[in-house]
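Residue-level listing of the chains:
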Amino acid sequence: MPFGGGARRCPGANLAMLEMRVILATVLRRVRLAPDRPQPEKRKAHHVTIVPDRGVRVVVTARLAATPRVVS
Ligand code: HEM
């Protein structure tokens, strides 16, 4: 429930989700990411979700040339 619920639910939820998709797509077009350790990560419960035990650590393994994109 990251955006709350009921009458006080976040009115910016759709914009926030769109921004996240754009940012994630932009990052993934420009870099290659990998876990900082090859071993599988342990899980732990965090409120109502399951998260990586140590947090999420990733390293950039390659930087790709930025390619111009036409948005229509
Ligand atoms: C990841 C991004 C965001 C998260 C996790 C988030 C989360 C939340 C949550 C949990 C609430 C409810 C607080 C409560 O119950 O009192 C809230 C309220 C609100 N959010 Fe967001 N929000 C995000 C992005 C945005 C954006 C981008 C906007 C505007 C462009 C926005 C505008 C608002 C406003 C105006 C309220 C108050 C609503 C009210 O009082 O009825 N939020 N947000």
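What you are looking at is a predicted structure, and each value in this text was computed from that prediction instead of being measured.

**Student:** I'd love a proper account of the pattern of salt bridges, names of residues and values included.
**Tutor:** Considering all chains together, one arrives at three salt bridges under this definition. The salt bridge involving Arg 54 is made with Asp 36; its shortest N-O contact spans 3.0 Å. Of this pair, Arg 54 sits in the loop between strand E3 (49-52) and strand E4 (58-63) while Asp 36 sits in the loop between strand E1 (31-35) and strand E2 (43-46), and the two are 18 residues apart along the sequence. Among the ionic pairs, Glu 41 bridges to Arg 54, the shortest N-O distance being 3.0 Å. Here Glu 41, found in the loop between E1 and E2, pairs with Arg 54, found in the loop between E3 and E4; they are 13 residues apart in sequence, far enough to count as distant.

**Student:** Can you break down the environment of Lys 42 residue by residue, with the values?
**Tutor:** Looking at where Lys 42 falls in the secondary structure, it is placed in the loop between E1 and E2. Along the sequence, Lys 42 and Arg 8 sit 34 residues apart, while their C-alpha atoms lie 35 Å from each other. Among residues more than four places away in sequence, those in contact with Lys 42 are Val 51, Pro 52 and Asp 53.

What counts, and at which threshold
Residues numbered from 1 in each chain as written. Predicted model: local features only at pLDDT ≥ 70, side-chain atom pairs only at ≥ 80, totals over all residues. Heavy atoms only, no water. Salt bridge = Lys/Arg side-chain N within 4 Å of Asp/Glu carboxyl O. Helix = DSSP H or I, 4+ residues; strand = E, 2+ residues; numbered from the N terminus. Contact = heavy atoms within 4.5 Å.

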